[in-house]
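Here are the chains, one letter per residue:
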Amino acid sequence: MKFGGTSVGSAGRILDVVGIVKSQLCNEPIVVVSALGGVTDSLINIGNESASGKDVSLMLEQVIDRHYEMVNRLNLDKKIIAKEVEQLSRLVGEIFLLGEATPRNIDKLMSFGERMSARIVAACMRSFGLHAQAYDAYDLGMTTTPNFGDADVLPETYQNIREGLANKKEIPVITGFIGKSRNGDITTLGRGGSDYTASIIGAAVGAREIQIWTDVNGIMTADPKIVKTARSVDEVSYKEAAELAMLGAKVLHPKTILPAVENNIPVRILNTFNPRHRGTLVLNSISTGSRVTSITYKKHILAISISKSGKLDEKGFLKKVLETFDRRGVPVDLISNSKIGVSVTIDEKYGTVELMDDLKKVGKVEVKSNRARVSLVGNDLLYMPDILETMYSSLKRIRIEMVSSSISEKNTSIVIEEKYADSAVKRLHTTFFSR
Ligand code: ADP
Ligand code: ASP
Ligand code: MG
């Protein structure tokens, strides 16, 4: 049972979490928690500001006070997070003196969010008579690559965790999002990574079900923050869920599905604010036939066109282009190829001067910034013959600059100017879902 940031964001919410866990004691739950909502962002901010020589004592005090206030409201003992608070303050001081926010230090800094929330949630459970114990995931054997900020879990983790949790009598309340490298450095699994922690632990122990408790009624037909009329989808396949997550639907971290697939464990996405709602069940195979399941989007992308500067029949052009991105470690999102050249989209954070200089050696480069990708995700989309026409006609005056369909037939994506993204998602939702 993984509870996200908003689900543990206030004293009231934590009481709800305790109630939800209590109602499932017969299933021998293992609990995974995120940092209190907003805390990870604040910690990153504190790290960066402190490294640039600013006085962050007020910001730090606010984060610490928020935790102590919660401890107070829940009538818990301040001692449960005292050690973490002290270590956190010391680390911020060290970053200030160092004058640099290294990825290693930022990961260590972020880890305090989950380390404090796990202790608070476990103590709150104990105060209601549940036998619960907080664990830092790495103490149970969550071992990762040393890629700070986006670490991957190493194979030994599964057995470590299985053994680490064997014979534990108390309900484990485990930190999401964090692990340690083989060198012993604290690492993080990428923003939103607590979902991934939950599925790794679920796979390690052979759980009957992985529950992702969040702030909406499961996977919905679109992000409800944009489309007020979005509705929840009862069942989706692993493939649809993975596609949605990879294409930007924040409700699931993209790596969550794989450990579940490999062990055929159902994933259920549920709402802490509305625990009786059935949410969404993610299963191996479901028979829906051809359908659009959800509309998702990703902003802050660059559309880059590289056209041949020499002969049109130049050999190996596409290969050269892709190798250039690869050498710089830039993941290519959409790609569309033609005789004249190739267009790709990438996350704007990768659009460095160095990358552009490299691309210019391959061909003529044109970059469009402030673009968004909007995707229809579903099943057997290529069997819906008029899907593109329908998309074009519902978007009317919004210029579609690129179109791409996945060979998995699970998505059809378009690239448009970012300022039209919300409106495009709304219009497509009306077209495909209001019946
Ligand atoms: P948590 O803190 O519980 O991990 P997140 O904020 O990471 O929660 O993810 C939940 C959010 O995902 C929702 O509040 C919603 O705005 C967003 N979201 C985006 N796309 C979808 C979708 N298709 N279905 C449901 N939620 C979505
Ligand atoms: N606290 C982390 C984040 O904000 C991980 C998570 O919430 O899943 O990214
Ligand atoms: Mg999340």
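## A word on the overall build of the chain
So, point 1. Scanning the chain from terminus to terminus reveals 13 helices and 17 strands.
So, point 2. Whereas a compact globule of 435 residues would reach a radius of gyration of roughly 22 Å, the chain reaches 23 Å, a difference of no more than 12%.
So, point 3. Across its three principal directions, the C-alpha atoms of the chain cover 70 × 55 × 40 Å.
So, point 4. Put simply, the chain has 435 residues, and 52% of those count as buried.
So, point 5. Within the chain, residue pairs in contact and separated by at least 24 positions form 75% of the contacts whose partners lie at least 6 positions apart.
So, point 6. Once the 57 positive and 51 negative side-chain charges of the chain are each reduced to a mean point, those two points are 3 Å apart.

## Some thoughts on the site of ligand 2
So, point 1. Residues in close proximity to ligand 2 include Ser34, Ala35, Thr40, Glu114, Phe177, Arg191, Gly192, Gly193 and Ser194, which together make up its full environment.
So, point 2. At 3.4 Å, a backbone N or O of Gly193 approaches an oxygen atom of ligand 2.
So, point 3. In the complex, the protein chains occlude 86% of the 260 Å² of accessible area that ligand 2 would expose alone.
So, point 4. By residue class, the composition of the shell around ligand 2 is 2 nonpolar, 5 polar and 2 charged.

## A look at the sheet that holds strand E15 (residues 364-379)
So, point 1. Taken in spatial order, the 6 strands of this open sheet run E13-E14-E12-E15-E17-E16, and their pairing is antiparallel. Every other strand in the sheet has two partners, leaving strand E13 (335-337) and strand E16 (402-405) as the edge strands with one partner each. Strand-to-strand twist of the sheet, defined as the mean angle between neighbouring strand axes without regard to direction, takes the value 30°.
So, point 2. Sheet topology places E16 next to strand E17 (residues 411-417); 4 bridges connect them, and they run antiparallel. In the sheet register, Met402 faces E17, and the bridge partner there is Val415.
So, point 3. The strands touched by helix H11 (residues 353-360) within the sheet are strand E12 (291-307), strand E14 (341-347) and E15, with E12 carrying the most contacts at an inclination of about 70°.

## Some words on the packing of helix H1 (residues 11-22) against helix H5 (residues 103-127)
For any two helices packed against each other, one specifies the inter-axial angle together with the distance between the axes.
So, point 1. At a minimum axis separation of 10 Å, H1 and H5 run at an interaxial angle of 60°. Overall, the two elements H1 and H5 adopt an arrangement that is oblique. Judged by the sense of rotation from one axis to the other, the crossing of H1 with H5 is right-handed. Counting all contacts with H1, which are made through Ile14, Leu15, Val18 and Val21, the residues of H5 involved are Ile120, Val121, Cys124 and Met125.
So, point 2. Taken together, the residues that form the contact of H1 with H5 break down as 8 nonpolar, no polar and no charged.

## Structural notes on the side chain of Ser394
So, point 1. Relative to the helices and strands, Ser394 is located in helix H12 (residues 387-395).
So, point 2. A distance of 3.4 Å separates a polar atom in the side chain of Ser394 from a polar atom in the side chain of Thr431.
So, point 3. Among residues more than four places away in sequence, those in contact with Ser394 are Arg427, Leu428 and Thr431.

Quick notes on the rules
- Residues numbered from 1 in each chain as written.
- Chains lettered and ligands numbered in written order.
- Predicted model: local features only at pLDDT ≥ 70, side-chain atom pairs only at ≥ 80, totals over all residues.
- Heavy atoms only, no water.
- Helix = DSSP H or I, 4+ residues; strand = E, 2+ residues; numbered from the N terminus.
- Rg over C-alpha atoms; globule rule 2.2 N^0.38 Å.
- Buried < 20%, exposed > 50% of the residue type's maximum accessible area, 1.4 Å probe, protein only.
- Contact = heavy atoms within 4.5 Å.
- Lys, Arg positive; Asp, Glu negative; His and termini not counted.
- Charge placed at Lys NZ, Arg CZ, Asp CG, Glu CD.
- Near = heavy atom within 4 Å.
- Polar contact = N/O pair within 3.5 Å; in protein donor to acceptor, adjacent residues only side chain to side chain.
- Areas by Shrake-Rupley, 256 points an atom, 1.4 Å probe, with all protein chains shown as cover.
- Nonpolar A, V, L, I, M, F, W, Y, C, P; charged D, E, K, R; others polar.
- Pairing = 2+ DSSP bridges.
- Axes fitted to C-alpha atoms, helices over the stretch in contact; angles between N-to-C directions.
- Parallel < 35°, antiparallel > 145°, perpendicular 65-115°, else oblique.
- Left-handed = near helix turned anticlockwise from the far one by under 90°.

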